[in-house]
Amino acid sequence: MYFSKGIGYLGIIVVFALMTPSEGAIKCLHCNSNDNADCVDGSKVTATTECGTDVTECVVSKDGDVITRGCLESGKTCDGDNCKKCTGATDAACNTSNFDESTDFQCIVCRSDENADCWNNASKVTPKNCRTGASNPQEGCFHGIWNGVAIRGCYIDADAKTQATCSDANNNQCKLCHTSKCNVDNSSGAQSISVFVGLIAVMLSAIWYTN
């Protein structure tokens, strides 16, 4: 009888131990951007997890467009630009850092006279990093029509004349947008009409001048 009671007490102790947080275990933010869009911004994540007692670091990693935050398990590595680790603490999660959006900023870069998809199927064109330097949403991507050719690219890579045209909000020949891979809109009739009207105006001016 005493043996049975002893086993019972031992079982209660074991269960209590399993339910009690491990002393010294660190906490890390725990999320995946596929399940929670806020995971891309560490300041918006509230979900945490308690790591194993052998874990001392938290991690935030990037695989394509997917951001994951959690414990850096023993034996796992975190190297390169797509992974950031930090020394964990018991009272607050440290893996709140984000990836710099400017390093991921891309634009559709093409000409419709070289790639037919550039006219109205630009989403099929593989986006590219900007050539001049790391661009960002403030500089943006452009899409315009010149001489019947749709041209898309990074604003930072364009020449001064193209930049002036595209940054003019009143000029329908070219438009800017300010998110990564955003310049996929169809080449609209409005843009073509704008160019056509401009050519007509030049022709009329030339006729008036010669007369």
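In what follows, the structure referred to is the one given above.
Numbers given for residues are sequential positions, taken from 1 along each chain in its written order. The predicted origin of the model limits local features to residues at a pLDDT of at least 70 and limits the giving and counting of side-chain atom pairs to 80 or more, whereas totals for whole chains, interfaces and linings rest on all residues. Working from all heavy atoms in the structure, the side-chain values ignore hydrogens and water.

Asks: Can you walk me through the pattern of salt bridges in this structure?
Replies: Side chains bearing opposite charge may pair, as long as their charged atoms lie close to each other. Definition used for salt bridges: Asp or Glu carboxyl oxygen within 4 Å of a side-chain nitrogen of Lys or Arg. Taken as a whole, this structure holds two salt bridges when the rule is applied. As a salt-bridge pair, Arg 111 and Asp 113 come within 2.9 Å of each other at their nearest N and O atoms. We note a salt bridge from Arg 111 to Glu 114, for which the minimum N-O separation is 4.0 Å. Only protein chains enter the accessibility calculation, which uses a 1.4 Å probe; a residue whose area is less than 20% of its type maximum is buried, one above 50% is exposed, and one in between is partly exposed. Residue class for Arg 111 comes out partly exposed when judged on its relative accessible area of 33%. Several salt bridges share partner residues, and in doing so they unite Arg 111, Asp 113 and Glu 114 into one network.

Asks: Is there a simple way to explain the sheet that holds strand β4 (residues 57-63) in this structure?
Replies: Sheets are built from strands that pair by backbone hydrogen bonding, the pairs being arranged parallel or antiparallel. Here four strands make up an open sheet; going across it, the order is β2-β5-β4-β6 and the pairing antiparallel. Unpaired on one side and paired on the other, β2 (31-32) and β6 (83-87) mark the two borders of the sheet. Should DSSP find at least two bridges between two strands, the strands are taken to pair. The numbering of helices and of strands both runs from the N terminus, where a helix is a DSSP run of H or I of at least 4 residues and a strand a run of E of at least 2. Here β4 runs beside strand β5 (residues 66-71); their pairing, made up of six bridges, is antiparallel. From the neighbouring strand, Val 59 faces β5, where its bridge partner is Gly 70.

Asks: Help me understand the pairing of β4 in this model?
Replies: Taken residue by residue, a regular strand's side chains alternate between the two faces of the sheet. Here β4 pairs with β6 via five bridges, running antiparallel. Looking at β6, one finds that Ser 61 is bridged to Cys 83. Here β4 folds back onto β5 in antiparallel fashion, the turn holding two residues, of which Gly 64 has a positive phi close to 70°.

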